[in-house]
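What follows is each chain in one-letter form.
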Amino acid sequence: MERTITINMGQRIFVINEDAYYMLKDYLTTLRQVFAGNNSSDEIISDIESSISDIFAEKYGTEPGTVITIDDVREVINRVGRPEDFSCLLYTSPRPRDR
């Protein structure tokens, strides 16, 4: 029997199995570290959490008894992007304009 955890993400309630919860938590923690130096980091993380919530809601709607699995979290990470995908965007300097 697997343990489940009830979470609130993007103003929605989801039931997620314990392994999936820890994977999602680690993912979001890593994203917070990636965006730590950005003045808008809280807003960026909030937007990402809302996107994740939308993806879960799109897949499961409000079906009672639905449990988000580790495969669901992997799918979300693939759709939203891995932390290293975001870090590449942060460290790319703009090209100088031709004068």
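The structure under discussion appears in the preceding block.
Because the structure is a prediction, the values reported are computed rather than measured. (Residues numbered from 1 in each chain as written. Predicted model: local features only at pLDDT ≥ 70, side-chain atom pairs only at ≥ 80, totals over all residues. Heavy atoms only, no water.)

Caption draft 1: Expanded view of the packing of helix α1 (residues 18-34) against helix α3 (residues 70-80). Where α1 contacts α3, the axes come no closer than 8 Å and their chain directions differ by 25°. One finds that α1 runs roughly parallel with respect to α3. Between α1 and α3, the residues in contact are Asp19, Ala20, Met23, Leu24 and Tyr27 and Ile70, Val73, Arg74, Ile77 and Val80, respectively. (Axes fitted to C-alpha atoms, helices over the stretch in contact; angles between N-to-C directions. Helix = DSSP H or I, 4+ residues; strand = E, 2+ residues; numbered from the N terminus. Parallel < 35°, antiparallel > 145°, perpendicular 65-115°, else oblique. Contact = heavy atoms within 4.5 Å.)

Caption draft 2: Quick peek at the pairing of strand β1 (residues 4-9). Sheet topology note: the β1/strand β2 (residues 12-17) ladder contains six bridges and is antiparallel. Bridge pairing links Asn8 to Ile13 in β2. Joining the antiparallel neighbours β1 and β2 is a turn of two residues, in which Gly10 adopts a positive phi near 60°. (Pairing = 2+ DSSP bridges.)

Caption draft 3: The packing of aromatic side chains, seen in detail. Throughout the structure, instances matching the rule amount to two aromatic pairs. Summarising the aromatic geometry, the rings of Phe14 and Phe56 are spaced 5.6 Å apart at their centres and angled 65° between planes, so their arrangement reads as edge-to-face. Here the residue Phe14 occupies a position in strand β2, and Phe56 occupies one in helix α2 (residues 41-60), the gap between them amounting to 42 residues. Residue Phe14 is classed as buried on the basis of its relative accessible area, which comes to 8%. Taking the relative accessible area as the measure of exposure, Phe56 reaches 1% and is therefore buried. (Phe/Tyr/Trp six-rings, centres within 6.5 Å; stacked < 30°, edge-to-face > 60°. Buried < 20%, exposed > 50% of the residue type's maximum accessible area, 1.4 Å probe, protein only.)

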